[in-house]
Each structure stands twice: as structure tokens, then as C-alpha cells.
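Listed below are the residues making up each chain.
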Amino acid sequence: MRRLFPYPVSPADLEDREWGLDELADLYAYPEHGGGGAWLRANMVSSLDGAAHHEGRSQPLSSAADMRIFGTLRGLADAVVVGAETVRQEGYRPTRAREAFAARRAALGQGPAPVIAVVSAGLALDFTLPLFTSPLVPTVVLTGAAAPAERVAAARAAGTEVVVAGEGREVDAARVPALLAERGLTRLLTEGGPRLLGQFASAGVLDEMCLSLAPMVATGTAPRIMAGPPLAVPARFSLESMLEDAGFLFTRYRRIPDHGERHGSARI
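Here the structure is a predicted model, which means the values were calculated and not measured. (Residues numbered from 1 in each chain as written. Predicted model: local features only at pLDDT ≥ 70, side-chain atom pairs only at ≥ 80, totals over all residues. Heavy atoms only, no water.)

Details of the overall build of the protein
Reasoning step 1: Looking only at helices and strands, the protein features eight helices and ten strands.
Reasoning step 2: Computed over its C-alpha atoms, the radius of gyration of the protein comes to 18 Å, within 12% of the 18 Å expected for a compact globule of 268 residues.
Reasoning step 3: Relative to its 268 residues, the protein shows a buried fraction of 50%.
Reasoning step 4: For the protein, contacts bridging at least 24 residues in sequence account for 71% of all contacts bridging at least 6.
Reasoning step 5: Of the roughly 12200 Å² of accessible surface on the protein, 55% is carried by carbon and sulfur atoms.
Reasoning step 6: Charge centroids of the protein, computed over 27 positive and 30 negative side chains, lie 4 Å from each other. (Helix = DSSP H or I, 4+ residues; strand = E, 2+ residues; numbered from the N terminus. Rg over C-alpha atoms; globule rule 2.2 N^0.38 Å. Buried < 20%, exposed > 50% of the residue type's maximum accessible area, 1.4 Å probe, protein only. Contact = heavy atoms within 4.5 Å. Areas by Shrake-Rupley, 256 points an atom, 1.4 Å probe, with all protein chains shown as cover. Lys, Arg positive; Asp, Glu negative; His and termini not counted. Charge placed at Lys NZ, Arg CZ, Asp CG, Glu CD.)

Below, the structure written as C-alpha cells:
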């Protein structure tokens, strides 16, 4: 893996080597920001032709280095925010404590592992799965006030915290970061899917985008990494860092203030 940005780069930066987890954690550390608000970053992978997955899963577009960064981003987060369809397709399991990040998390007052926060309007989830029945830290489900009562009861019976994030059946994406911040979860990571990520971007609450560009062409009908309501003006992001490994580019972009701010509520 080589560091290509930010400048200046040194001969050591351009040396192709495996980065240690501490190095990656330093590079991807959440910014310090006051006020107790949340910082929402996304982590997605895309093929050269813009596919967010291949045959329903992101793994075919990934690599060992991509998974190493994926694990680092999880190791830094308070909560991983994910859509219900992605939970079903990717077979989400509870997060686990990792010794490599234990001291860093303890110093920041974080729990042993990030919370999984599932966004779901209909709560069509299997609450008998380990994600809900035996997580290291309790799973959270965000839904609307009009979600089916029997599904809300099933979630709570499994030990899941149900958070209302919308007045009707739908979830208001703009409210999700603040509701999680109220629970002490301010370092947020979303892994999609594309619909949820598009809703966050349209609501103006996406602060950072970590995009892995795979040197592959997938064709087919896979969606882009975001699929949501169009913005009146495209949101502008600045490039913060770029790594390269075996043709994969690992980029990190930060939203530029006063561009692409909230454009109203986006409902999921």
C-alpha cells in the first residue's frame, strides 16, 4: 500500500508495504468537533463502471487491503449505521471487540465494539439472528412512529433498542445522526446500502465519504453507491487522503461547509 495524497509525499510514502493498523487508525481518525454533535462518514466500494456490488454483494469488488481499511473504520466507530436490505443481503452479524483497537477505544470512552444501528421502516428483520439476540453491545433499530406494532414488540423482545426517527412509517434520515448522538454515539459509520446512503446525502447530513475504487468492471444492473432524491445543487467534497494498493484506490473526502447543506427531510 502506498500513500499518494496529501502532498508532499516522501519516498517512504511511495514504498509499497502493508500498513499497520495503528497507521491506518491515525489516518482515518475522526475529527475533533465540539458541541456533542455526530460525525457521519460512509464507507463504500465501487467498480470502475460505478457498480456498488456484484450479484447483490460487495465482497466480489473487495480486496485484502480494502477489508483491512473496512475493519479499521469499524474499529474507530461508535456505531455502524446500515439499511435493513443490506443487513439481509450481506448477512450482518454482531460486531466484535478487537484487541488492536482496545486501548484507543478505552482512551476515547468508547465501548468494546461499535453498535450496529439498523434503519428499517417495516422492521422486516429476523429478530432471532445473533445480530439481535446476542450482540456484544445491544443492537439499535431506527424506525418510524407508525411501524407495525407487532414488529416493534418482536424487536424489543429480542433485546433490541427501538428508536423512533420519523413521524409516520418512514425514517427521516436527517434525524438519525442527532438521535444516535443523544445516546453518546457521535462517531458514526454507514456502510449503506445505496438507498440509505443516498438519503443521508440528500438530507445534508453526510460529512465524509470513504470510497474504495476497485480496478474492476462489473456491468450488469447494480446500482451506484448512492440512490436517493436529487440535490438542487451537487454537494461539494474535498479530497483528504488517497492510498493505493494493487490498483485499488482508497480515497477519503470531506464535505465542504456551505455546499450541499440540508435540503429538507429525506425519508427511508
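Picking up where we left off.
Comments concerning the sheet that holds strand β8 (residues 208-213)
Reasoning step 1: Reading across from one edge, β1-β9-β10-β8-β2-β7-β3-β4-β5-β6 is the order of the ten strands in this open sheet, with mixed pairing throughout. Two strands in the sheet have a free side with no partner beyond their single neighbour: β1 (2-5) and β6 (161-164). Between one strand axis and the next, the sheet turns by 20° as a mean value, whatever way the strands run. (Pairing = 2+ DSSP bridges. Axes fitted to C-alpha atoms, helices over the stretch in contact; angles between N-to-C directions.)

Some remarks on the nonpolar core
Reasoning step 1: Judged by nonpolar contacts, the single largest core of 41 residues is most densely connected at Tyr-28, Val-118 and Leu-243.
Reasoning step 2: Every residue in contact with Val-118, bar those within four places of it in the chain, is listed here: Val-82, Gly-83, Ala-84, Val-87, Leu-125, Leu-131, Phe-132, Thr-139, Val-140, Val-141 and Leu-142.
Reasoning step 3: In terms of nonpolar packing, the next biggest core, distinct from the first, is built from 31 residues, Leu-40, Ala-52, Val-171 and Ala-201 among them. (Core = buried A, V, L, I, M, F, W, Y, C linked by side-chain atoms within 4.5 Å.)

Overview of the pattern of salt bridges
Reasoning step 1: One pass over the full model with this rule turns up 15 salt bridges.
Reasoning step 2: Between Arg-57 and Glu-90 there is a salt bridge whose closest N-O contact spans 3.7 Å. Pair noted here: Arg-57 is in the loop between β2 (39-46) and α2 (64-76) and Glu-90 is in helix α3 (residues 84-90), with a separation of 33 residues, a long-range link.
Reasoning step 3: Here Glu-90 falls in the partly exposed class, since its relative accessible area comes to 23%.
Reasoning step 4: Here Arg-183 makes a salt bridge to Glu-161, at a shortest N to O gap of 2.9 Å. Taken together, the residues Arg-183 in the loop between α7 (176-181) and β7 (187-190) and Glu-161 in strand β6 connect sequence positions 22 residues apart.
Reasoning step 5: Looking at Glu-161, the relative accessible area reads 36%, which means it is partly exposed.
Reasoning step 6: Each of Asp-22, Asp-26 and Arg-104 takes part in one network of salt bridges that share partners. (Salt bridge = Lys/Arg side-chain N within 4 Å of Asp/Glu carboxyl O.)

Re unusual backbone geometry
Reasoning step 1: Of the consecutive residues Phe-5 and Pro-6, the connecting peptide bond is found in the cis state with omega at 10°.
Reasoning step 2: Topologically, Pro-6 is positioned in the loop between β1 and α1 (21-27).
Reasoning step 3: With omega at -5°, the peptide bond leading from Tyr-7 into Pro-8 counts as cis.
Reasoning step 4: Within the element layout of this structure, Pro-8 appears in the loop between β1 and α1.
Reasoning step 5: Of note, Leu-123 is a non-glycine position whose phi angle comes to about 55°, a positive value.
Reasoning step 6: Position of Leu-123 relative to the elements: it lies in the loop between β4 (115-119) and α5 (130-133).

A short note on the packing of aromatic side chains
Reasoning step 1: By the definition in use, this model includes three aromatic pairs.
Reasoning step 2: Taking 6.1 Å as the distance between ring centres and 5° as the angle between the ring planes, the aromatic pair formed by Phe-248 and Phe-250 counts as stacked. Residue Phe-248 shares its accessibility class with Phe-250, and that shared class is buried.
Reasoning step 3: The side chain of Arg-41 reaches across the aromatic face of Tyr-30, ending 4.1 Å from its centre. (Phe/Tyr/Trp six-rings, centres within 6.5 Å; stacked < 30°, edge-to-face > 60°. Lys NZ or Arg CZ within 6 Å of the ring centre and 35° of its normal.)

Overview of the pairing of β2
Reasoning step 1: Buried residues dominate β2, accounting for eight of its eight residues.
Reasoning step 2: Side chains Trp-39, Arg-41, Asn-43 and Val-45 project from β2 onto one buried face, and the interleaved Leu-40, Ala-42, Met-44 and Ser-46 project onto a second face that is buried too.
Reasoning step 3: As defined by bridge partners, β2 adjoins β7 across four bridges and the pair is classed as parallel. Bridge assignment links Ala-42 to a residue of β7, and that residue is Thr-190.
Reasoning step 4: Two strands pair when backbone bridges link them, and β2 and β8 are joined in this way by six bridges, in the parallel orientation.

Some details on the environment of Pro-112
Reasoning step 1: The residue Pro-112 is located in the loop between α4 (99-107) and β4 in this model.
Reasoning step 2: Between the alpha carbons of Pro-112 and Arg-96 there is a distance of 7.8 Å; along the sequence they are 16 residues apart.
Reasoning step 3: Beyond its immediate chain neighbours, meaning those up to four positions away, Pro-112 contacts Ala-97, Arg-98, Arg-105, Leu-136 and Val-137.

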